[in-house]
Amino acid sequence: MGITIFEDSYRHKGLRRKLIEELRRKGIRDERVLNAFDKVPRHLFMDSSFVEFAYQDKAFPIAAGQTISQPYTVAFMTELLNIKPLDKVFEVGTGSGYQTAILSELGAKVYTIERQKDLFQSCQHLLKMLGYNPLYFFGDGYLGKPSYAPYDKIIVTAGAPEIPKDLIAQLAIGGRMVIPIGTSDLQVMTTLDRISPTQVDIHEHGNFVFVPMLKGTNNR
Ligand code: SAH
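Since the structure is predicted, the reported quantities are computational estimates derived from the model, not experimental observations. (Residues numbered from 1 in each chain as written. Predicted model: local features only at pLDDT ≥ 70, side-chain atom pairs only at ≥ 80, totals over all residues. Heavy atoms only, no water.)

**Re the site of the ligand**
- Taken together, 26 residues sit near the ligand, with Thr67, Ser96, Glu114, Gly141 and Leu214 positioned nearest.
- Interatomic distance of 3.1 Å between a backbone N/O atom of serine 69 and an oxygen atom of the ligand.
- At 3.0 Å from a nitrogen atom of the ligand is found a side-chain nitrogen or oxygen belonging to aspartate 140.
- Relative to its unbound accessible surface of 580 Å², the ligand loses 99% to contact with the protein.
- With respect to the detected pockets, the ligand is housed in the second largest pocket.
- For the shell around the ligand, the secondary structure elements donating two or more residues are strand S2 (67–68), strand S3 (88–92) and strand S4 (109–114).
- Residue composition of the shell around the ligand, by class: 10 nonpolar, 12 polar and 4 charged. (Near = heavy atom within 4 Å. Polar contact = N/O pair within 3.5 Å; in protein donor to acceptor, adjacent residues only side chain to side chain. Areas by Shrake-Rupley, 256 points an atom, 1.4 Å probe, with all protein chains shown as cover. 1 Å grid on protein atoms, 1.4 Å probe; cavity = no way out; pocket = protein on both sides within 12 Å on 5 of 7 lines; lining within 4 Å. Sits in = over half its atoms within 2 Å of the grid points. Helix = DSSP H or I, 4+ residues; strand = E, 2+ residues; numbered from the N terminus. Nonpolar A, V, L, I, M, F, W, Y, C, P; charged D, E, K, R; others polar.)

**Quick word on the UniProt feature "active site" (unreviewed entry) in the protein chain**
- UniProt annotation of "active site" (unreviewed entry) refers to Ser69 when read in the numbering used here.
- Within the fold, serine 69 resides in the loop between S2 and helix H3 (71–81).
- Each residue touching serine 69, except ones within four places of it in the same chain, is listed here: Arg42, Lys58, Ala59, Val74 and Phe210. (UniProt positions renumbered as here; feature names shortened; annotations may be inferred. Contact = heavy atoms within 4.5 Å.)

If you want it as C-alpha coordinates, here you go:
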(Lines give C-alpha, C1' and ligand atoms only; values in the text may rest on other atoms or scores of the structure.)
Protein backbone atom coordinates (compact mmCIF):
# COMPACT_ATOMS: atom_id res chain seq x y z
CA MET A 1 0.00 0.00 0.00
CA GLY A 2 1.59 3.28 -1.07
CA ILE A 3 0.55 6.80 -0.23
CA THR A 4 -1.09 8.46 -3.20
CA ILE A 5 -0.50 12.15 -3.73
CA PHE A 6 -4.27 12.76 -3.51
CA GLU A 7 -4.57 11.33 -0.03
CA ASP A 8 -6.36 13.55 2.48
CA SER A 9 -5.96 11.75 5.79
CA TYR A 10 -7.27 12.42 9.30
CA ARG A 11 -3.79 13.69 10.08
CA HIS A 12 -4.05 16.26 7.28
CA LYS A 13 -7.50 17.26 8.48
CA GLY A 14 -6.18 17.64 12.02
CA LEU A 15 -3.32 19.82 10.81
CA ARG A 16 -5.83 21.99 8.93
CA ARG A 17 -7.83 22.50 12.13
CA LYS A 18 -4.67 23.70 13.86
CA LEU A 19 -3.87 26.04 10.99
CA ILE A 20 -7.39 27.48 11.22
CA GLU A 21 -6.91 28.14 14.94
CA GLU A 22 -3.65 29.91 14.10
CA LEU A 23 -5.40 32.06 11.47
CA ARG A 24 -8.07 32.89 14.04
CA ARG A 25 -5.40 33.95 16.53
CA LYS A 26 -3.81 36.14 13.88
CA GLY A 27 -7.09 37.98 13.38
CA ILE A 28 -9.06 36.19 10.66
CA ARG A 29 -12.69 36.37 11.79
CA ASP A 30 -14.85 35.46 8.80
CA GLU A 31 -16.22 31.98 9.53
CA ARG A 32 -17.01 31.35 5.87
CA VAL A 33 -13.38 31.98 4.99
CA LEU A 34 -12.15 29.76 7.83
CA ASN A 35 -14.56 27.04 6.73
CA ALA A 36 -13.15 27.19 3.18
CA PHE A 37 -9.66 26.65 4.66
CA ASP A 38 -11.04 23.57 6.40
CA LYS A 39 -12.37 22.19 3.11
CA VAL A 40 -9.41 22.72 0.76
CA PRO A 41 -6.49 20.25 1.20
CA ARG A 42 -3.53 22.63 0.84
CA HIS A 43 -0.96 19.81 0.85
CA LEU A 44 -2.19 18.67 -2.58
CA PHE A 45 -1.22 22.05 -4.06
CA MET A 46 2.41 21.76 -3.05
CA ASP A 47 5.33 19.80 -4.38
CA SER A 48 5.22 16.40 -2.65
CA SER A 49 8.53 16.96 -0.88
CA PHE A 50 6.93 19.85 1.03
CA VAL A 51 3.85 18.01 2.26
CA GLU A 52 5.15 18.11 5.84
CA PHE A 53 5.07 21.91 5.68
CA ALA A 54 1.70 22.32 4.01
CA TYR A 55 -0.13 23.34 7.18
CA GLN A 56 2.44 25.74 8.53
CA ASP A 57 1.51 29.36 8.01
CA LYS A 58 4.23 29.95 5.43
CA ALA A 59 4.64 30.59 1.73
CA PHE A 60 6.44 27.81 -0.17
CA PRO A 61 8.16 27.37 -3.51
CA ILE A 62 6.14 25.89 -6.40
CA ALA A 63 7.26 25.48 -10.03
CA ALA A 64 8.70 28.25 -12.24
CA GLY A 65 10.33 30.08 -9.32
CA GLN A 66 6.92 31.11 -7.93
CA THR A 67 5.34 30.54 -4.50
CA ILE A 68 2.10 29.30 -3.00
CA SER A 69 1.09 32.27 -0.86
CA GLN A 70 1.13 32.08 2.94
CA PRO A 71 -2.24 30.87 4.30
CA TYR A 72 -2.65 34.03 6.41
CA THR A 73 -2.19 36.16 3.29
CA VAL A 74 -4.72 34.11 1.33
CA ALA A 75 -7.19 34.34 4.23
CA PHE A 76 -6.64 38.08 4.70
CA MET A 77 -7.17 38.85 1.01
CA THR A 78 -10.20 36.55 0.80
CA GLU A 79 -11.72 38.25 3.84
CA LEU A 80 -11.17 41.66 2.22
CA LEU A 81 -12.91 40.42 -0.94
CA ASN A 82 -16.10 39.55 1.00
CA ILE A 83 -17.10 36.89 -1.53
CA LYS A 84 -20.83 36.32 -2.10
CA PRO A 85 -22.03 33.13 -3.82
CA LEU A 86 -22.06 33.61 -7.63
CA ASP A 87 -19.74 36.63 -7.50
CA LYS A 88 -17.72 36.89 -10.71
CA VAL A 89 -14.12 36.99 -9.53
CA PHE A 90 -11.10 37.70 -11.74
CA GLU A 91 -7.88 36.33 -10.25
CA VAL A 92 -4.42 37.34 -11.48
CA GLY A 93 -1.75 34.71 -10.71
CA THR A 94 -3.31 31.22 -10.64
CA GLY A 95 0.00 29.78 -9.40
CA SER A 96 -0.70 26.54 -7.55
CA GLY A 97 -4.46 27.10 -7.81
CA TYR A 98 -4.90 27.16 -4.01
CA GLN A 99 -6.40 30.66 -3.84
CA THR A 100 -8.58 29.68 -6.82
CA ALA A 101 -9.90 26.72 -4.82
CA ILE A 102 -10.64 28.87 -1.74
CA LEU A 103 -12.59 31.38 -3.86
CA SER A 104 -14.48 28.58 -5.61
CA GLU A 105 -15.28 26.94 -2.26
CA LEU A 106 -16.96 30.23 -1.25
CA GLY A 107 -19.25 29.94 -4.27
CA ALA A 108 -17.51 32.41 -6.57
CA LYS A 109 -17.37 31.95 -10.34
CA VAL A 110 -13.62 32.32 -10.81
CA TYR A 111 -11.84 33.57 -13.94
CA THR A 112 -8.15 32.99 -13.33
CA ILE A 113 -5.14 34.02 -15.40
CA GLU A 114 -1.50 32.89 -15.21
CA ARG A 115 1.52 34.06 -17.25
CA GLN A 116 3.68 30.93 -16.62
CA LYS A 117 2.69 28.19 -19.06
CA ASP A 118 3.66 25.27 -16.82
CA LEU A 119 1.66 26.59 -13.83
CA PHE A 120 -1.31 27.41 -16.08
CA GLN A 121 -1.32 23.74 -17.14
CA SER A 122 -0.33 21.94 -13.97
CA CYS A 123 -3.07 23.12 -11.59
CA GLN A 124 -6.03 22.22 -13.79
CA HIS A 125 -6.19 18.49 -13.15
CA LEU A 126 -6.11 18.86 -9.36
CA LEU A 127 -8.77 21.60 -9.26
CA LYS A 128 -11.02 19.52 -11.49
CA MET A 129 -10.49 16.47 -9.29
CA LEU A 130 -11.48 18.50 -6.24
CA GLY A 131 -14.67 19.58 -8.03
CA TYR A 132 -13.74 23.18 -8.82
CA ASN A 133 -14.42 24.55 -12.29
CA PRO A 134 -12.88 27.98 -12.81
CA LEU A 135 -12.21 29.41 -16.26
CA TYR A 136 -8.46 29.32 -16.97
CA PHE A 137 -6.59 31.82 -19.09
CA PHE A 138 -2.97 31.84 -20.14
CA GLY A 139 -1.88 35.44 -20.57
CA ASP A 140 -0.85 38.73 -19.02
CA GLY A 141 -3.10 39.69 -16.11
CA TYR A 142 -2.20 43.36 -16.53
CA LEU A 143 -4.64 43.34 -19.43
CA GLY A 144 -7.44 41.56 -17.55
CA LYS A 145 -9.96 39.65 -19.65
CA PRO A 146 -12.35 42.26 -21.05
CA SER A 147 -14.55 39.72 -22.86
CA TYR A 148 -15.93 38.47 -19.49
CA ALA A 149 -15.96 41.84 -17.66
CA PRO A 150 -17.27 43.44 -15.55
CA TYR A 151 -16.16 41.47 -12.47
CA ASP A 152 -17.67 41.85 -9.00
CA LYS A 153 -14.26 41.24 -7.46
CA ILE A 154 -10.67 41.28 -8.70
CA ILE A 155 -7.76 39.76 -6.77
CA VAL A 156 -4.12 40.13 -7.76
CA THR A 157 -1.81 37.62 -6.04
CA ALA A 158 1.48 39.13 -7.22
CA GLY A 159 3.08 42.44 -6.18
CA ALA A 160 2.25 45.21 -8.65
CA PRO A 161 4.34 48.38 -9.04
CA GLU A 162 1.13 50.36 -9.64
CA ILE A 163 -2.62 49.82 -10.03
CA PRO A 164 -3.23 48.35 -13.50
CA LYS A 165 -5.60 50.70 -15.34
CA ASP A 166 -7.16 47.93 -17.44
CA LEU A 167 -8.20 46.10 -14.29
CA ILE A 168 -9.98 49.13 -12.82
CA ALA A 169 -11.92 49.45 -16.07
CA GLN A 170 -13.08 45.82 -15.74
CA LEU A 171 -14.32 46.18 -12.15
CA ALA A 172 -18.12 46.43 -11.78
CA ILE A 173 -19.63 49.51 -10.16
CA GLY A 174 -19.98 48.43 -6.53
CA GLY A 175 -17.10 46.00 -7.04
CA ARG A 176 -13.87 45.64 -5.11
CA MET A 177 -10.27 44.91 -6.15
CA VAL A 178 -7.65 43.61 -3.69
CA ILE A 179 -4.07 44.11 -4.84
CA PRO A 180 -0.63 44.35 -3.21
CA ILE A 181 1.02 47.54 -4.50
CA GLY A 182 4.68 48.48 -4.13
CA THR A 183 8.30 47.77 -4.95
CA SER A 184 9.69 44.28 -5.51
CA ASP A 185 10.71 44.06 -1.80
CA LEU A 186 7.54 45.22 -0.07
CA GLN A 187 3.93 45.87 -1.02
CA VAL A 188 0.98 47.47 0.70
CA MET A 189 -2.24 45.47 0.59
CA THR A 190 -4.67 47.82 -1.12
CA THR A 191 -8.42 47.72 -1.70
CA LEU A 192 -10.15 49.70 -4.44
CA ASP A 193 -13.90 50.11 -4.28
CA ARG A 194 -15.44 51.31 -7.50
CA ILE A 195 -18.34 53.40 -6.29
CA SER A 196 -19.26 55.09 -9.60
CA PRO A 197 -17.98 55.10 -13.20
CA THR A 198 -15.50 57.83 -12.26
CA GLN A 199 -14.89 57.32 -8.54
CA VAL A 200 -12.71 54.76 -6.75
CA ASP A 201 -12.18 54.61 -2.97
CA ILE A 202 -8.70 53.41 -2.03
CA HIS A 203 -7.70 51.95 1.36
CA GLU A 204 -4.44 50.43 2.62
CA HIS A 205 -4.22 47.33 4.86
CA GLY A 206 -0.60 46.81 5.86
CA ASN A 207 2.59 45.39 4.40
CA PHE A 208 3.07 42.08 2.60
CA VAL A 209 5.69 40.46 0.37
CA PHE A 210 4.75 38.80 -2.94
CA VAL A 211 6.58 37.62 -6.03
CA PRO A 212 6.42 40.41 -8.62
CA MET A 213 3.60 40.94 -11.11
CA LEU A 214 5.39 40.73 -14.45
CA LYS A 215 4.37 41.79 -17.96
CA GLY A 216 3.92 39.41 -20.88
CA THR A 217 3.96 35.61 -20.73
CA ASN A 218 6.52 32.83 -20.24
CA ASN A 219 5.88 29.86 -22.53
CA ARG A 220 8.51 27.53 -21.17
N1 SAH B 1 -2.39 32.50 -5.81
C2 SAH B 1 -1.17 31.80 -6.08
C3 SAH B 1 -0.01 32.78 -5.98
C4 SAH B 1 1.12 32.39 -6.80
S5 SAH B 1 2.44 33.56 -6.79
C6 SAH B 1 -0.94 30.68 -5.08
O7 SAH B 1 -1.20 30.88 -3.89
O8 SAH B 1 -0.45 29.61 -5.47
C9 SAH B 1 1.90 34.74 -7.99
C10 SAH B 1 1.60 34.20 -9.36
O11 SAH B 1 1.31 35.32 -10.18
C12 SAH B 1 2.75 33.46 -10.03
O13 SAH B 1 2.31 32.20 -10.42
C14 SAH B 1 3.10 34.34 -11.21
O15 SAH B 1 3.55 33.62 -12.34
C16 SAH B 1 1.79 35.04 -11.49
N17 SAH B 1 1.87 36.30 -12.21
C18 SAH B 1 2.76 37.32 -12.04
N19 SAH B 1 2.51 38.32 -12.92
C20 SAH B 1 1.40 37.94 -13.64
C21 SAH B 1 0.67 38.53 -14.71
N22 SAH B 1 0.99 39.72 -15.22
N23 SAH B 1 -0.38 37.85 -15.20
C24 SAH B 1 -0.73 36.63 -14.72
N25 SAH B 1 -0.06 36.02 -13.72
C26 SAH B 1 1.00 36.65 -13.19
